[in-house]
Amino acid sequence: MTSTPPLLLASTSPSRCSILTATGFAFGTQGPEVDERAEVEALRAAGELVSPGQEAQLLGTAKARAVAATPEAAGRVVLGCDSVFELDGVAYGKPHLPEVALERWRGMSGRTGVLHTGHHLVDVSTGREASRLVSTAVTFAEVSEDEIRAYVASGEPLECAGAFTVDGLAAAFVTRLEGDFHAVVGLSPAALRSMAAELGIPLAALWAAPAA
């Protein structure tokens with residue numbers, strides 16, 4: 001009988017799952033029930049200025065806490081993440097629609113923006129929590145209109161923060177990264193290690209057991 005892994009990812013994102021798998025973590029997944037727009041708008045309505053980085057951290061925290069409150073999280077460590085792309089001080093999430101992605105890429109071509117990924121870890125057994133915001137500068141090549149249209153037609157950017165994936169087709173359009181590559185993909189193992197250490201959790205306790 002297989003034991004339940006102590007780490008529970010508050011996401012079903014294939015990119016985040018692939019990072020944890022590739023870097024040796026044993027984990028389960030559970031999609032959080034969080035109204036992202038409502039979370040951000042509630043703060044703005046209260047008169048609090050929310051920067052793109054704060055938005056990413058706010059949503060990563062909300063996702064972790066939402067899953068931590070479920071029965072499936074009992075006795076486990078819950079990790080929530082969220083990514084927001086910033087260009088000229090404006091926050092951009094997933095474009096969803098092709099026409100939105102086209103407009104985004106016309107504005108991003110030849111420019112540098114910042115991809116913020118907020119991380120939040122909850123030790124459900126103790127109630128202790130830790131957060132890390134990882135921000136990485138991303139520089140794009142001058143991308144032609146034909147290339148932009150072909151990329152958007154692939155469907156890849158529609159459900160990605162910032163309308164790109166640095167580990168997919170858009171890798172050909174990224175000329176420079178200043179920061180954490182994995183955080184741009186969706187999750188920083190280095191941030192996870194730092195948060196686990198803050199909560200007194202040995203990193204090795206979260207790793208997958210060696211194959212027999």
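For clarity, every value in this text was computed on a predicted model and none was experimentally measured.

K.L.:
Which parts of the structure should I look at to understand the side chain of Thr-117?
P.N.:
In this fold, Thr-117 is placed in strand S5 (residues 112–123). The class of Thr-117 is buried, set by a relative accessible area of 0%. Engagement of the side chain of Thr-117 in a polar contact is seen with the backbone oxygen of Ala-183, the distance being 2.7 Å. Residues in contact with Thr-117, not counting those within four places in the same chain, are Asp-82, Ser-83, Arg-132, Leu-133, Val-134, Ala-183 and Gly-186.

K.L.:
Would you mind going over helix H4 (residues 98–108) with me for this structure?
P.N.:
For an α-helix the count is 3.6 residues per turn, leaving residues at separations of three or four pointing the same way. Every buried residue belonging to H4 is among Ala-101, Leu-102, Arg-104, Trp-105 and Met-108, and all of these are buried. Around the axis of H4, the buried residues are gathered within 165° of arc, so they sit on the same side. For H4, the exposed residues lying more than 90 degrees away from the buried face are Glu-99 and Glu-103. Buried residues along H4 sit against strand S3 (77–87), strand S4 (90–92), strand S6 (128–140) and helix H5 (145–153). Looking at the residues trailing H4, positive phi occurs at Gly-110, about 75°.

K.L.:
Explanation requested: the nonpolar core in the structure shown.
P.N.:
Note that soluble globular proteins tend to have their nonpolar side chains buried in a common cluster. Counting residues in each nonpolar core, the largest one holds 41 residues, and the members touching the most others are Leu-7, Leu-20, Leu-79, Trp-105, Leu-121, Phe-140 and Phe-164. With 5 residues, the top contributor of residues to this core is S3. Ignoring anything within four residues of it in the chain, the contact list for Phe-164 reads Phe-85, Trp-105, Met-108, Leu-115, Val-138, Phe-140, Tyr-151, Pro-157, Ala-170 and Val-184. The next biggest cluster of nonpolar side chains, apart from the first, holds 8 residues, and it includes Leu-8, Val-67, Ala-73 and Val-78.

K.L.:
Could you clarify how one ought to interpret the packing of aromatic side chains in this entry?
P.N.:
For any pair of aromatic rings, geometry is given as the distance between the ring centres together with the angle between the planes. Counted under the stated rule, the structure contains 7 aromatic pairs. Note on Trp-105 and Phe-140: the rings are 5.2 Å apart at their centroids and 70° apart in plane angle, and the pair reads as edge-to-face. Separated by 35 residues along the polypeptide, Trp-105 in helix H4 and Phe-140 in strand S6 bring together distant segments of the chain. There is no split in this pair, since Trp-105 and Phe-140 are both buried. Relative to Phe-173, the ring of Trp-105 lies with its centre 5.6 Å away and its plane at 70°, an arrangement referred to as edge-to-face. Of the two residues, Trp-105 is situated in helix H4 and Phe-173 in the loop between H5 and strand S7 (174–178); the sequence distance between them amounts to 68 residues.

K.L.:
How should I be thinking about the environment of Val-78 in this particular structure?
P.N.:
On the secondary structure map, Val-78 appears in strand S3. Each residue touching Val-78, except ones within four places of it in the same chain, is listed here: Leu-8, Ala-10, Ala-64, Val-67, Ala-68, Ala-73, His-120, Leu-121, Val-122 and Val-124.

Rules and cut-offs
Residues numbered from 1 in each chain as written. Predicted model: local features only at pLDDT ≥ 70, side-chain atom pairs only at ≥ 80, totals over all residues. Heavy atoms only, no water. Helix = DSSP H or I, 4+ residues; strand = E, 2+ residues; numbered from the N terminus. Buried < 20%, exposed > 50% of the residue type's maximum accessible area, 1.4 Å probe, protein only. Polar contact = N/O pair within 3.5 Å; in protein donor to acceptor, adjacent residues only side chain to side chain. Contact = heavy atoms within 4.5 Å. Arc of directions from axis to C-beta. Core = buried A, V, L, I, M, F, W, Y, C linked by side-chain atoms within 4.5 Å. Phe/Tyr/Trp six-rings, centres within 6.5 Å; stacked < 30°, edge-to-face > 60°.

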